[in-house]
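Chain by chain, the residues:
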Amino acid sequence: RSARTFSTTSVARKDLVQDLYVKELKAYKPPATAKDAHVGVVKNFSLPAVPKPPTLPVDLAAELTAYDATEPTKAEAEVTSSSVHAGEDVGKGADAFLGFLEADVKQAEVHH
């Protein structure tokens with residue numbers, strides 16, 4: 001009986017790029033940093049100013065009376081009608097707007 005046998009020897013294959021990379025990593029020495037390297041880059045911390053507590057007015061009753069005596073002002077801005085809203089009730093108030101919405105709208109007659 002004759003049998004063929006196939007024998008190989010395992011050859012250790014080396015990765016040259018990986019070996020160079022690892023060698024360079026091991027040889028790398030980071031540059032030494034100076035002890036005062038942070039000067040000018042980092043601000044010095046200072047506490048914020050302490051807020052002042054609110055103070056009550058000396059004559060509170062007089063100020064409340066003066067506040068009650070004042071009339072509230074109602075600022076009514078005059079709205080000028082622009083060219084876009086010409087002929088419409090602009091700035092007339094909510095009642096005019098609701099009246100406009102409730103008004104009957106005439107449907108345009110379509111001729112077939």
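Residues numbered from 1 in each chain as written. Predicted model: local features only at pLDDT ≥ 70, side-chain atom pairs only at ≥ 80, totals over all residues. Heavy atoms only, no water.

Caption draft 1: Fine view of the overall build of the protein chain. Each helix and strand in the protein chain was counted, giving 3 helices and 0 strands. Summed over all atoms, the accessible surface of the protein chain reaches about 12,800 Å², with 58% contributed by carbon and sulfur. (Helix = DSSP H or I, 4+ residues; strand = E, 2+ residues; numbered from the N terminus. Areas by Shrake-Rupley, 256 points an atom, 1.4 Å probe, with all protein chains shown as cover.)

Caption draft 2: A look at the environment of threonine 65. Residue placement: threonine 65 occurs in helix α2 (residues 60-69). From its side chain, threonine 65 meets the backbone oxygen of alanine 61 in a polar contact 2.8 Å long. (Polar contact = N/O pair within 3.5 Å; in protein donor to acceptor, adjacent residues only side chain to side chain.)

Caption draft 3: Expanded view of the confidence of the model for the protein chain. Of the residues in the protein chain, 75% reach a pLDDT of 70 or more, and the chain-wide mean stands at 79. No element of the protein chain has a lower mean pLDDT than helix α3 (residues 94-102), which averages 86, and none a higher one than helix α1 (residues 16-27), which averages 94. Here residues 78-86 is a poorly scored stretch, pLDDT under 50, and it has 3 contacts once near neighbours within four places are set aside; other chains count. (pLDDT = per-residue confidence, 0-100. Contact = heavy atoms within 4.5 Å.)

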